[in-house]
Amino acid sequence: MSTIIRPALLALATCALFVAMAGLFALRQSIWIDETTQLSGLALDFRTQLAWLAGSSDVILGVPPDRMPPLSYWLGGLWTEVFGLTEGSMRWFGIVTVLVGAPALYLAGRCAAGPWGGVFCLTFVLLSPGTLVQAVEIRAYPLFLTFSAWGYWCYAELVLVGKERARGTRWLLILLAVFVLAASYTHYYGLVFGFCLLCALIADRVFRGLPVVPVLVVASGTVVISVGLVPFLLSAAAMTASAVSGSADIIPSASSLTETLVGLARLSLRSFLHGSHLVYPTIAIVAVLGVVSLAGLALVGRPMAARSTMLLMPVLVGLVLLAIANLMNPGFSVLAPHYNLWMIPPVAVFLARAFVQGAGKQLRIILQRAGASAIILAHLSASVILLSNARY
């Protein structure tokens with residue numbers, strides 16, 4: 001019984017600590033110009049808001065226009081009906097939203113490596129200062145992270161289920177489509193998230209000799225429903241083009257290969273590092289050593305490495321896709337870490353695979369505990385630095 005109770009208690013304690021730290025940061029965070037856009041848009045009635053997001057409204061709010069899909073406004077609007085439209089209320093909306101994604105992180109980690117894998121996923125994501133920053137932001141990002149976590153849980157269940165049970169998982173495919181659609185109607189990078197999951201899932205099915213048709217059917221339905229995003233996408237593209245052409249002193253050019261590779265490295269590091277980690281290089285080094293240790297354990301042994309790699313496959317596909325997009329699209333930050341929050345749950349679950357027991361059990365346990373402790377210690381240290389300097 002203790003093998004179940006202890007991880008459960010630690011998971012609850014992690015969630016409580018996240019709420020406490022995020023709540024403290026919410027009190028100290030300054031309001032950003034993008035957040036004034038979200039707050040102003042939330043004050044509009046439903047029809048005007050839709051027209052404004054689709055770029056077909058003449059309403060002047062005195063703030064920059066938004067390029068987001070509508071779902072974060074719809075769900076945020078429901079929240080304001082109960083808790084009011086204030087800065088503090090909307091920051092707590094983000095915190096609660098991220099907390100709703102916590103069970104998905106735990107379930108995906110548990111699926112990959114048992115209860116301790118679930119606890120590690122929670123601590124890896126929720127105690128990170130990067131998550132604290134995104135959780136209190138009055139934008140679409142907290143929702144995007146949560147929908148991505150739930151969508152990735154479905155993916156993890158699908159690729160880790162045994163062949164004898166794989167044919168009875170159509171409900172997971174449907175759930176996966178629902179969460180991908182929710183992520184896409186929250187942030188356009190939900191489309192990237194969905195495409196990468198689809199490619200990885202097809203690769204897994206082909207590799208294991210499982211039917212691909214159900215995946216293609218569900219993917220087709222998802223594409224059809226995603227057509228509703230077209231007006232918002234066109235509006236966002238027009239605003240981006242206008243912003244680029246309006247910068248008379250800046251002539252955008254496509255990124256070089258070197259710039260793209262540097263951007264990919266930065267994006268990869270930002271999946272577990274935040275600027276707060278870098279205040280003291282020792283903290284960042286400890287975090288990197290912890291990640292390297294757990295990644296090595298996750299890849300020990302051919303069967304282990306194959307399943308672990310498949311869990312990380314959506315991120316690998318995404319990095320290739322984003323690299324191509326970055327080389328072809330001047331004037332847009334394709335590799336921005338906050339656009340790619342969807343990569344964080346896969347990285348967490350991949351590292352959680354280190355908690356699968358194998359050969360050399362005692363040494364493996366020592367390395368597991370050392371790697372996980374290093375990451376958690378680095379996260380907590382960086383979060384304390386963030387909270388201590390949040391007013392500046």
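Here, the structure is the one placed above.
All values derive from a computational prediction rather than experimental measurement.

The secondary structure content of the protein chain amounts to 18 helices and zero strands. Taking 392 residues into account, the globule formula puts the C-alpha radius of gyration at 21 Å, and the protein chain, at 21 Å, falls close to it. Expressed as lengths along the three principal axes of its C-alpha atoms, the size of the protein chain is roughly 65 × 50 × 45 Å. Taking the contacts inside the protein chain whose residues are at least 6 apart along the sequence as the reference set, 77% of them involve residues at least 24 apart. For the protein chain, the computed accessible surface area is about 17800 Å², with 70% contributed by carbon and sulfur atoms.

Looking now at empty space enclosed by the protein. Enumeration according to the criterion identifies two cavities of 30 Å³ or more in this entry. By volume, the largest cavity is sized at about 80 Å³. Those elements giving two or more residues to the lining of the largest cavity turn out to be helix 4 (71-83), helix 5 (87-113) and helix 8 (141-160). Element by element, the count of residues in the lining of the largest cavity is highest for helix 5, at three residues. Tallied by class, residues from the lining of the largest cavity come to six nonpolar, four polar and two charged. Volume-wise, the second largest cavity comes out at about 50 Å³. Around the second largest cavity, the lining residues are Val 98, Gly 101, Leu 105, Val 125, Leu 126, Leu 145, Thr 146, Ala 149 and Pro 345.

All right, on to a nonpolar patch on the surface then. There is a patch of nonpolar side chains on the surface, built from Leu 257, Leu 261, Val 320, Ile 324, Leu 327 and Met 328 and spanning about 590 Å² of accessible area. Counting only elements with at least two residues in the nonpolar patch, the list comes to helix 14 (257-269) and helix 16 (302-328). The greatest single-element share of the nonpolar patch, amounting to four residues, is contributed by helix 16. Here Ile 324 is to be found in helix 16. Given the relative accessible area of 45%, Ile 324 is considered partly exposed.

What counts, and where the lines are drawn
Residues numbered from 1 in each chain as written. Predicted model: local features only at pLDDT ≥ 70, side-chain atom pairs only at ≥ 80, totals over all residues. Heavy atoms only, no water. Helix = DSSP H or I, 4+ residues; strand = E, 2+ residues; numbered from the N terminus. Rg over C-alpha atoms; globule rule 2.2 N^0.38 Å. Contact = heavy atoms within 4.5 Å. Areas by Shrake-Rupley, 256 points an atom, 1.4 Å probe, with all protein chains shown as cover. 1 Å grid on protein atoms, 1.4 Å probe; cavity = no way out; pocket = protein on both sides within 12 Å on 5 of 7 lines; lining within 4 Å. Points joined across faces, edges and corners; volume = space filled by probe spheres on them. Nonpolar A, V, L, I, M, F, W, Y, C, P; charged D, E, K, R; others polar. Patch = residues over 30% accessible without salt bridge, like charges linked within 9 Å, V, L, I, M, F, W, Y side chains within 5 Å. Salt bridge = Lys/Arg side-chain N within 4 Å of Asp/Glu carboxyl O. Buried < 20%, exposed > 50% of the residue type's maximum accessible area, 1.4 Å probe, protein only.

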